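Here is what each chain is made of, one letter per residue.
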Amino acid sequence: MAEVRKLKCKPKNRTIGEVIGVIKANLGSEYVCEANMLGGKAVLLCFEQYYFRCSNYVSLSIMLTETEECQEAVVAGFGGGDGLLNISYGANKSFANKAVKCLIKIGFLEIGR
C-alpha cells in the first residue's frame, strides 16, 4: 500500500535548492530524477531503493513547492507491493519515513495524514 505524507515549513529557513541537497545527501537511495517547474518554485524528486523484505524496488517521489511565506512537501512511497493484495511488508512506509525524517530535521512539520 502506498504511503503519502504532507509537510510544511513556515517560515522558510533554507532555499529550495538547499532542501534538495539535504534530501539527496541524507536519503541514501538511488537518485532517479529531478524536474524543476514554475521557475524553480516547484521541484519533483524521484528515488528508488531495493528492499529485501519485499524482494522489490520501492519508489519515492517528493514534490517540493515554495511560496513567499512557506515551503511544502508531499512525500509518496510506492511500488514495492507484490501479488494481488499489493503487500509491501512496510517497505513503502519505511521509505517515505526516511524522507519525512530528513525534512523534519530541517524544520518541516507534518500536516495531516
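In this text the structure is predicted, and so the values were computed from the model without any measurement.

### A closer look at the overall build of the protein chain
Summing up its helical and strand segments, the protein chain has two helices and six strands in all. The secondary structure elements of the protein chain, listed N-terminal to C-terminal, are β-α-β-β-β-β-α-β. Against the 2.2 N^0.38 benchmark of 13 Å for 113 residues, the protein chain shows a C-alpha radius of gyration of 14 Å, consistent with a compact globule. If you line up the protein chain on its principal axes, its C-alpha atoms span 45 × 25 × 20 Å. Here the protein chain holds 113 residues, and 38% of them are scored as buried. Of the contacts formed within the protein chain by residues at least 6 apart in sequence, a portion of 58% connects residues at least 24 apart. Looking at the protein chain as shown, the accessible area adds up to about 6,300 Å², and 57% of this sits on carbon and sulfur atoms. A distance of 6 Å separates the average location of the 14 positive side-chain charges in the protein chain from that of its 11 negative side-chain charges.

How each quantity is defined
- In this numbering scheme, every chain counts its residues from 1 along its sequence in written order.
- Whole-chain, interface and lining totals are the exception, using all residues; otherwise, since this is a predicted model, local features are given only for residues with pLDDT of at least 70 and side-chain atom pairs are given and counted only at 80 or more.
- Computation of side-chain values: all heavy atoms of the structure, hydrogens and water removed.
- Each helix is a run of H or I in the DSSP string that is no shorter than four residues. Each strand is a run of E no shorter than two, and both are numbered from the N terminus.
- C-alpha atoms define the radius of gyration in this analysis, and the globule rule sets the expected value at 2.2 Å times the number of residues to the power 0.38.
- Partly exposed residues are those whose accessible area sits between 20% and 50% of the maximum for their type, while under 20% is buried and over 50% is exposed, using a 1.4 Å probe and protein chains only.
- Note on contacts: a residue pair is in contact if any heavy atoms of the two residues lie within 4.5 Å.
- In this description, accessible areas are obtained by the Shrake-Rupley approach with a 1.4 Å probe, and a residue is regarded as covered only by the protein chains that are shown.
- Counted as positive: Lys and Arg. Counted as negative: Asp and Glu. His and the chain ends are not counted at all.
- By convention, the charge on Lys lies at NZ, on Arg at CZ, on Asp at CG and on Glu at CD.

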